[in-house]
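Residues per chain, in single letters:
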Amino acid sequence: DSGVTQTPKHLITATGQRVTLRCSPRSGDLSVYWYQQSLDQGLQFLIQYYNGEERAKGNILERFSAQQFPDLHSELNLSSLELGDSALYFCASSVEGAQGTQYFGPGTRLLVL
Amino acid sequence: QQQVKQSPQSLIVQKGGISIINCAYENTAFDYFPWYQQFPGKGPALLIAIRPDVSEKKEGRFTISFNKSAKQFSLHIMDSQPGDSATYFCAASIKAAGNKLTFGGGTRVLVKP
C-alpha cells in the first residue's frame with residue numbers, strides 16, 4: 001500500500017458527460033501528479049500540483065482540468081468525455097525534493113461508452 | 001515525440017534466469033532515471049533508480065546499468081522468480097522541470113516456473 005488513495009476505483013459513463021476523480025496524497029507529501037495510462041499512449045504525465053499551485057503541465061487536453069485543495073487532496077475533472085478518454089488515471093504524490101520518488105495510487109479505471 | 005524508448009515489449013524467462021530490459025533516451029537534460037514495477041490492477045511502484053553520474057546501481061537482485069555517452073540504461077533482474085512477473089517501466093525526469101516522469105512503453109515480463 002503506497003499510502004495514496006484514489007476514488008472511485010471504477011467509473012462508467014457516457015460520451016459527453018463530466019466526471020471528477022479524487023486523490024488523497026500520502027501524509028506530508030505536497031506534490032501531486034496525475035498520469036493517464038492507455039493501451040495506445042502508455043503512461044503519460046498530465047499535470048502536477050505543488051501545495052495548491054500548478055507546477056507543470058503535460059499533454060493534458062483542454063477538456064481536462066485539475067486542482068489541489070488546502071488539505072492537499074486533488075481532483076481531476078474530465079468533461080465532454082469521448083470514447084478515447086477511456087483509460088486508467090493514476091495519481092502520484094511525492095515529498096518536495098525527493099526526485100523521482102513518486103508514490104502511485106491504485107488508479108481509477110474510466111470507461112466511456 | 002517518444003523521449004524514452006523501451007525494449008523489448010515482452011519477454012519470457014525461466015525461473016532462475018536473467019531478465020534484461022533496455023531503455024534509450026533523447027533528452028540530455030534528464031537527470032534521474034527510475035524503474036517502476038506494475039502488477040495487474042495496481043499502480044506502478046518504484047523499484048530502483050539511478051542518477052547519470054553513476055554507471056551502475058544494485059539493489060538485491062535488481063541492477064541498473066547506465067551509459068551516459070550512449071544515452072542508454074538497462075535493468076537486469078537476476079535469479080528471476082515467478083513473483084517478478086509484472087510490467088516494468090523505465091522513466092526519466094528533470095528536477096528543474098518539476099520531476100514529472102516520462103515513461104518508456106513498458107515491458108511485460110513473464111517468469112516461468
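Let us look at the structure shown here. (Residues numbered from 1 in each chain as written. Chains lettered and ligands numbered in written order. Predicted model: local features only at pLDDT ≥ 70, side-chain atom pairs only at ≥ 80, totals over all residues. Heavy atoms only, no water.)

Turning next to the overall build of chain A. Helix and strand counts for chain A stand at zero helices and 11 strands. Going from N to C terminus, chain A has its helices and strands arranged as β-β-β-β-β-β-β-β-β-β-β. Whereas a compact globule of 113 residues would reach a radius of gyration of roughly 13 Å, chain A reaches 13 Å, a difference of no more than 12%. A principal-axis box enclosing the C-alpha atoms of chain A has dimensions of 40 × 25 × 25 Å. Put simply, chain A has 113 residues, and 51% of those count as buried. Within chain A, counting contacts between residues at least 6 apart in sequence, those at least 24 apart form 54% of the total. (Helix = DSSP H or I, 4+ residues; strand = E, 2+ residues; numbered from the N terminus. Rg over C-alpha atoms; globule rule 2.2 N^0.38 Å. Buried < 20%, exposed > 50% of the residue type's maximum accessible area, 1.4 Å probe, protein only. Contact = heavy atoms within 4.5 Å.)

Aromatic rings in a pair are described by how distant their centres are and how their planes are angled relative to each other. According to the stated counting rule, one finds 20 aromatic pairs over all chains in the structure shown. Seen in terms of ring centroids, Phe66 of chain B and Phe73 of chain B are 6.2 Å apart; in terms of plane orientation they differ by 35°. Their pairing is tilted. The two residues Phe66 of chain B and Phe73 of chain B agree in class, both being buried. Pairing Phe89 of chain B with Phe103 of chain B gives two aromatic rings, centres 6.0 Å apart and planes at 85°, and the pair type is edge-to-face. Placement of the pair is Phe89 of chain B in strand β9 (residues 86-92) and Phe103 of chain B in strand β10 (residues 102-103), with a sequence separation of 14 residues. Both residues of the pair, Phe89 of chain B and Phe103 of chain B, belong to the buried class. Feature note: the residues Tyr33, Tyr35, Phe45, Phe90 and Phe104 of chain A together with Tyr36, Phe89 and Phe103 of chain B constitute an aromatic cluster, connected by ring pairs. Geometry around Tyr103 of chain A places Arg26 of chain A over its ring, the cationic atom sitting 3.7 Å from the centre. (Phe/Tyr/Trp six-rings, centres within 6.5 Å; stacked < 30°, edge-to-face > 60°. Lys NZ or Arg CZ within 6 Å of the ring centre and 35° of its normal.)

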